[in-house]
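# Commentary on secondary and tertiary structure
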Amino acid sequence: MEEPTAAITEDLAPDGTLRAAINLGNPVLAHGTATAPAGVTVDLAREIAARLKVPLQLLCFDAARKSFEAMAEGRADICFLAIEPARETEVAFTPPYVLIEGVFAVPTGSSIISIGDVDRAGVRIGVKRGSAYDLFLTRTLRHARVVPGDEGTQVFRAEALEVAAGIRQPMTEFVASHSEYRLIEDRFMQIQQAVGTTRSRHPETVRFLSHIVQELKASGFVADSLRRGGQSDTLVAPPA
């Protein structure tokens, strides 16, 4: 078990309390309410605070972009976000602890059959604003257009878009409850969820966080936490 030095503790929790940004908008990682959150990110935050021997403050948000803003603005000491180039200018990431798939949904009668059919002129894709898949699609699409909203499926339905993008688990639930839509089974991206902290932290602090993530994956901590949250333990990222 990695024990932090006093310098690491002071660097990561300078006010004596570890402030962790939690995204309740991703049900794979967190669920519950702002006053009673649960899930793998909450368990990881509690374990990191326990290693530091400091109290934990959970700052809960309904979107990844808000967690990112809290980190960038100095309101949080650690965050749980997908690794994305647009975020790496502000955030130093550990290796991933969980891998999630991004998938598309389309109307049942759509001519879009595979992910290769999506990036073409005239196709509009509903996404959750500031999500990892919003950033990825905005960066990589050549012909299709991203349409951000509070939720990808909400803007998809409200504006009668051609495609919705999202995380596999909630997207699977969405099409199961809306027979007029179907899922494109192949993933369009793999989302690497990691612990992050500001780039102003000392390299030893980032190495400490990375070591914890690797240890908790290897010990079964992450797998156990996912199962308790109703998620599959197959989501655990492999050793880095």
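Residues numbered from 1 in each chain as written. Predicted model: local features only at pLDDT ≥ 70, side-chain atom pairs only at ≥ 80, totals over all residues. Heavy atoms only, no water.

### Notes on helix 2 (residues 40–52)
Taking 1.5 Å of rise per residue, 13 residues should cover 18 Å, and helix 2 covers 18 Å from first to last C-alpha, within 8% of that figure. Across the 13 residues of helix 2, 11 count as buried, placing the element largely inside the fold. Among the residues of helix 2, those classed as buried are Val40, Thr41, Val42, Asp43, Leu44, Ala45, Glu47, Ile48, Ala49, Arg51 and Leu52. (Helix = DSSP H or I, 4+ residues; strand = E, 2+ residues; numbered from the N terminus. Expected span 1.5 Å × (residues − 1). Buried < 20%, exposed > 50% of the residue type's maximum accessible area, 1.4 Å probe, protein only.)

### Considering the packing of helix 2 against helix 9 (residues 221–228)
Two packed helices can be described by the angle between their axes and the distance between those axes. As a packed pair, helix 2 and helix 9 sit with axes 9 Å apart at the nearest point and diverge in direction by 135°. One finds that helix 2 runs oblique with respect to helix 9. Crossing geometry of helix 2 relative to helix 9 is assigned as right-handed. Mapping the contact onto sequence places Val40, Asp43, Leu44 and Glu47 in helix 2 and Phe221, Val222, Ser225, Leu226 and Arg228 in helix 9. (Axes fitted to C-alpha atoms, helices over the stretch in contact; angles between N-to-C directions. Parallel < 35°, antiparallel > 145°, perpendicular 65-115°, else oblique. Left-handed = near helix turned anticlockwise from the far one by under 90°. Contact = heavy atoms within 4.5 Å.)

### Comments concerning unusual backbone geometry
Despite not being glycine, lysine 53 shows a phi value in the positive range, around 60°. When you line up the elements, lysine 53 lands in the loop between helix 2 and strand 4 (56–61). Residue lysine 53 is classed as exposed on the basis of its relative accessible area of 67%. With a phi close to 50°, alanine 160 is a non-glycine residue in the positive phi region. Residue placement: alanine 160 occurs in the loop between helix 6 (152–158) and strand 9 (163–167).

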